[in-house]
Amino acid sequence: MEKNRLDSFINNLNQKVMPVAQKFHSVSAYIVGFMSIPIFCDVLSRMVLNKSIPGVIEIEEFMMIFIVFLSLSHLQSQKEHVSIDLLFSRFPEWIQDLVTCFNNLVLFILFSLMEWQIILQVQKKMGEVSFSLNIPISIFLGVAALGILLLIVVLFIDFLQSISNVRKTCHWSWLFMVFGLAILTMTSPFILKNVLSELPNGLYLGLAGFGLLMVLLFLNMPIGMAMALTGFLGMVLISHRLTAPLSILGIAPYHTTASFILAVVPLFILMGELAFHSGISQDLFDAANKWLGQLPGGLGMASVAGCAGFAAVCGDSMSTAVTMGAVSLPEMKKRNYKGSLATGCLAAGGTLGILIPPSVGFIFYAIITEESVGKLFIAGILPGFLLAAMFMVCIYLMAKIKPDLAPRGDSASFKEKLISLKGIVPMLMLFIVILGGIIGGIFSPTEGGGIGVMGAFLYALARRRISWENLIKAFHETAKLTTKLLMILIGVGILGYFLAATRLPFILSDFVTQLPCGRFVILINVLILFIVLGCLMNVIPMILLTLPAIYPSILALGFDPIWFGVITVIVMEMGQITPPIGVNVFALSSVAEDIPMVQIFKGVIPFFICMIICVAILILFPSIATFLPDILF
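From a predicted model like this one, the values you see are computed outputs, not experimental measurements. (Residues numbered from 1 in each chain as written. Predicted model: local features only at pLDDT ≥ 70, side-chain atom pairs only at ≥ 80, totals over all residues. Heavy atoms only, no water.)

Helix and strand counts for the protein chain come out as 29 helices and zero strands. Across its three principal directions, the C-alpha atoms of the protein chain cover 75 × 60 × 55 Å. Considering only intrachain contacts with a sequence separation of at least 6, the fraction spanning at least 24 residues in the protein chain is 83%. Looking at the protein chain as shown, the accessible area adds up to about 25,800 Å², and 67% of this sits on carbon and sulfur atoms. The distance from the centre of the 35 positive side-chain charges to the centre of the 33 negative ones in the protein chain is 5 Å. (Helix = DSSP H or I, 4+ residues; strand = E, 2+ residues; numbered from the N terminus. Contact = heavy atoms within 4.5 Å. Areas by Shrake-Rupley, 256 points an atom, 1.4 Å probe, with all protein chains shown as cover. Lys, Arg positive; Asp, Glu negative; His and termini not counted. Charge placed at Lys NZ, Arg CZ, Asp CG, Glu CD.)

Shown next as structure tokens:
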């Protein structure tokens, strides 16, 4: 009866809260749809009237607050925050329930503290207005507080649900252990202060913090939230008073999110979504197939070429692989392509999505390292097309040696080939306009994202290929993905305060540079670490998790930061197609359900070798990555 009462109470709460979370997310999605308009109008005004529209930067920053904080609770309710599932799913169900209960309770406490501090910030900022538009700052801090409040309510519901699950799968007494561990976790800094006569130096404190972070990640706590918790607890431990760590909880989330530079993230994501829904992927594949289809392995090469083209409007590897897979896999099956080769080339081709600009990976690399986004975009062009060419040569050679792997397709006349280009020329022009504008200093990368969104939308509209339903779906997907990534960045921001206080990145940098081995040996070890991590998580979380600690060492060793950015993205993408996780492979399996996972991994091996060769070439000839940025900037 008691269990029924608890479940009934949870259901009642869900019926009241979930529709509100969904409405908040819908508001967030619609704001995503309006983001590009002020930017487009501002760029147009500058070009035509030589006059800028005041307040555009602030408008974008305020929009970012709405997008992220109003979607947090929806993501939590849908369990869509980014996490690592390496060990968790292998635990018995009752242990999963206990761990989930612990996570929910600890995060409920953490975000309750954050809510309290943001409310204090609202009160503190009363009467303070923005620089350009004179809008009260407290309004947007209030939006952040409202979003966090709803997240707390959802976490509370999840906590009650996990209690209910624990009582169904194991004895209720285990809950006392969960409560005890949660309290111990939150009070551990105070306990350590009393137990230790003197705190360890920054190196050991920083390494202990990373140890805690790894434990939390393997317990399936969302990455951004685990980072925030680790950073907060670390700051409590090393601070003499609670004022500083609590203030960080109130300041970091808002100031991380309210960023005009970060507005580039939803804009480029939305551009890719619009390109997908407008059918550009089909146009790209059709054109590539007309030109390459009659060659040995032609459809496979066309798929890689399509991936390279779609990468120019997308910026995400998983989306590229799945989108092109949905288009080209049926065609390859008709031609009796071997399943391993068909899926292998698509999984590998998807990695081009985060190498060929615009790339969300390069954007986050630039944010962490404070390098130029424009330089990184340009630096990715030649290596991106080099890797695509290597994939295509690999397919051609395999098909030439074993024709049954990838039979030839139909040949097309020269006229048909020219006509096929009609569907991709507008998007190619858009790509050139965006990169050209950034290189020429006509607009910033963020403004380039706004131009790209408007261009992709007008293209889809002109071709009558996008419905209102698909447009709204694109807005929703963009809002969700943006919030996922920004939650990680908020966590990185809070963790960054702790790392800065311990000086761990710089201690490690000094240690690494003094190792009795060559700098290329150190570089190879770093790249191996990236490959391993790439097997466990997506590229963006990896960049945000590892770069703050590793980047100072790379600079100290004398490596070019732009070149290293290209190498980093390629190597991390190698992990996306290798077992045991290989997220591109798992994503592709959703559109290739009849092909066993083992076959897909087997098909990836030749392309993995191509990526290793490509990295070796870039190490031997770094100018391939730095040549264009040196000329154009």
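Once the structure has been displayed, the description carries forward.
Here the focus is the packing of aromatic side chains. Under the defined criterion, the tally for this structure stands at 13 aromatic pairs. Relative to F140, the ring of F62 has its centre 3.7 Å away and its plane inclined at 5°; by these criteria the two rings are stacked. Residue F62 is located in helix α3 (residues 56-69), and its partner F140 is located in helix α6 (residues 137-169); the two are separated by 78 residues in the primary sequence. Side by side, F62 and F140 carry an identical accessibility label, which is buried. Aromatic side chains F391 and F607 sit 5.5 Å apart centroid to centroid with 85° between the ring planes, which places their arrangement in the edge-to-face category. Here F607 lies in helix α28 (residues 597-620) and F391 lies in helix α18 (residues 381-401), a separation of 216 residues in the sequence. Of the residues examined, F391 reaches a relative accessible area of 0% and is grouped as buried. Of the aromatic side chains, those joined through ring pairs into one cluster are F62, F66 and F140. (Phe/Tyr/Trp six-rings, centres within 6.5 Å; stacked < 30°, edge-to-face > 60°. Buried < 20%, exposed > 50% of the residue type's maximum accessible area, 1.4 Å probe, protein only.)

Moving on, we get to the state of the cysteines. Across all of its chains, the model carries zero disulfides by this definition. Of all cysteine sulfurs in the structure, the one in C101 sits closest to C170, which takes part in no disulfide; the separation is 9.4 Å. No disulfide involves C307; its nearest neighbouring cysteine sulfur is the one of C345, lying 7.5 Å away. (Disulfide = S-S within 2.5 Å.)

Turning to the layout of surface pockets, a few remarks are in order. Approximately 650 Å³ is the volume attributed to the second largest pocket. I367, I368, E370, V492 and G493 are the residues nearest the centre of the second largest pocket, which is lined by 23 residues in total. When residues of the lining of the second largest pocket are traced back to their parent elements, those giving at least two are α10 (243-257), α16 (360-369), α22 (468-502), α23 (504-513) and α25 (539-556). It is α22 that provides the largest number of residues to the lining of the second largest pocket, a total of seven residues. Tallied by class, residues from the lining of the second largest pocket come to 16 nonpolar, six polar and one charged. (1 Å grid on protein atoms, 1.4 Å probe; cavity = no way out; pocket = protein on both sides within 12 Å on 5 of 7 lines; lining within 4 Å. Points joined across faces, edges and corners; volume = space filled by probe spheres on them. Nonpolar A, V, L, I, M, F, W, Y, C, P; charged D, E, K, R; others polar.)

Quick look at α10 now. Since there are 3.6 residues in each turn of an α-helix, residues three or four apart along the chain are aligned in direction. In this model, α10 (15 residues) spans 22 Å end to end at C-alpha, consistent with the 21 Å of a helix rising 1.5 Å per residue. At I251, α10 shows its maximal bend, which comes to roughly 30°, and the proline P253 appears one to four places after that position. Those residues of α10 that fall on the buried side of the exposure criterion are P245, L246, I248, L249, G250, A252, P253, Y254, T256 and T257. Turning to α10, the residues buried within the fold contact α3, α5 (93-124), α6, α9 (223-238) and α22. (Expected span 1.5 Å × (residues − 1). Bend = angle between axes of the 7 residues up to and from the residue.)

The next point concerns the pattern of salt bridges. One pass over the structure, following the stated rule, counts eight salt bridges. Notably, a salt bridge pairs K480 with E477, separated by 3.6 Å at the nearest N-O pair. Taken together, the residues span about one helical turn, with K480 and E477 both in helix α22 at a distance of three residues. For K480, a relative accessible area of 15% corresponds to the buried category. (Salt bridge = Lys/Arg side-chain N within 4 Å of Asp/Glu carboxyl O.)

To continue, consider the confidence of the model for the protein chain. Looking at the protein chain as a whole, its pLDDT mean stands at 87, while 97% of the residues score no less than 70. Of all the helices and strands in the protein chain, α23 carries the lowest mean pLDDT, 71, while α3 carries the highest, 95. (pLDDT = per-residue confidence, 0-100.)

With that settled, the discussion passes to the environment of L155. If you trace the backbone, L155 turns up in helix α6. Note on L155: relative accessible area 0%, which makes it buried. Separated by 44 residues in sequence, L155 and F111 place their C-alpha atoms 9.1 Å apart.

In this structure, I67 sits in helix α3. Residues I67 and A556 lie 489 residues apart in sequence; the distance between their C-alpha atoms is 38 Å. If we skip the residues at most four places from it in the chain, I67 touches S28, I31, V32, M35, A479, T482 and T483.

So, about the nonpolar core. With 220 residues, the main nonpolar core has F111, I148, L352, F391, F564 and F607 as its most contacted residues. With 17 residues, the single largest contributor to this core is α6. If we ignore the near neighbours within four places in the chain, the residues touching F607 are L341, G344, C345, A348, F391, C394, I395 and M398. (Core = buried A, V, L, I, M, F, W, Y, C linked by side-chain atoms within 4.5 Å.)

Despite not being glycine, N50 shows a phi value in the positive range, around 55°. Tracing the backbone shows N50 in the loop between α2 (36-48) and α3. N50 gets classed as exposed once you look at its relative accessible area, which sits at 71%. The phi dihedral of E370 falls on the positive side, at around 65°, and the residue is not glycine.

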